[in-house]
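# Fold and contact review
Letter by letter, the chains look like this.
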Amino acid sequence: MESKSPVLEKEIVLTDYECDLNRRVTPGSLLRLTQQISTDHCDSWGVTAERYAETGTAFLMAKVSLRITGDMQIGDCLRLVTRPAAPRRAIFCRYTEFFDQAGRSAASVDARWILVDRDTHRILRHPPEALGFPDMPESVPTHDFAVRRAPSPEPAGTA
């Protein structure tokens, strides 16, 4: 069943294989869960692996930022909310947030993707109409990707 909703929500319970020896969720698990809900969202639109194969396209990760602001442990029930933005200069932004049982944000992921032609290996500035993307909002929340320099760097040592 296809749904063209610009937002997808899902509830999960953290299991032991998603957590470390201290029973806390690992960054890798949060990124895997982000990828899964993103794929589920595209699937709900009918944009499946078969549709990518038909159009000769693929998404590649350009940048990703993960912020962890809460403590998530084995057995915690989390609500995941993912929402994409319309492409801007060939970059597709998708923002995914993890909420704890009290409704507080516990983590967020800002992922930037590019759509490419699998045969020519070129970036596609406009997705093929056959992909069937729905209308998406112009923007979503984002993380700051800027790399800042230290105000006055000091030598760390000499050889």
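Just so it is clear, the structure is predicted and the values come from calculations on it, not from any experiment.

Definitions and limits used
Residues numbered from 1 in each chain as written. Predicted model: local features only at pLDDT ≥ 70, side-chain atom pairs only at ≥ 80, totals over all residues. Heavy atoms only, no water. Salt bridge = Lys/Arg side-chain N within 4 Å of Asp/Glu carboxyl O. Helix = DSSP H or I, 4+ residues; strand = E, 2+ residues; numbered from the N terminus. Buried < 20%, exposed > 50% of the residue type's maximum accessible area, 1.4 Å probe, protein only.

Counting across every chain of the model gives eight salt bridges. Taking the shortest distance from any N to any O, the salt bridge between D71 and R24 comes out at 2.7 Å. Here D71 is found in the loop between strand 2 (57–68) and strand 3 (77–84), whereas its partner R24 is found in the loop between strand 1 (8–13) and helix 1 (27–45), with 47 residues between them in sequence. Exposure remark for D71: the relative accessible area of 45% places this residue in the partly exposed category. Among the residues examined, R24 registers a relative accessible area of 38% and is labelled partly exposed. Residue E97 pairs with R83 through a salt bridge whose shortest N-O separation is 3.8 Å. Of this pair, E97 sits in strand 4 (residues 91–99) while R83 sits in strand 3; the two residues are 14 residues apart in sequence, bridging distant segments of the chain. Since its relative accessible area comes to 12%, E97 is described here as buried.

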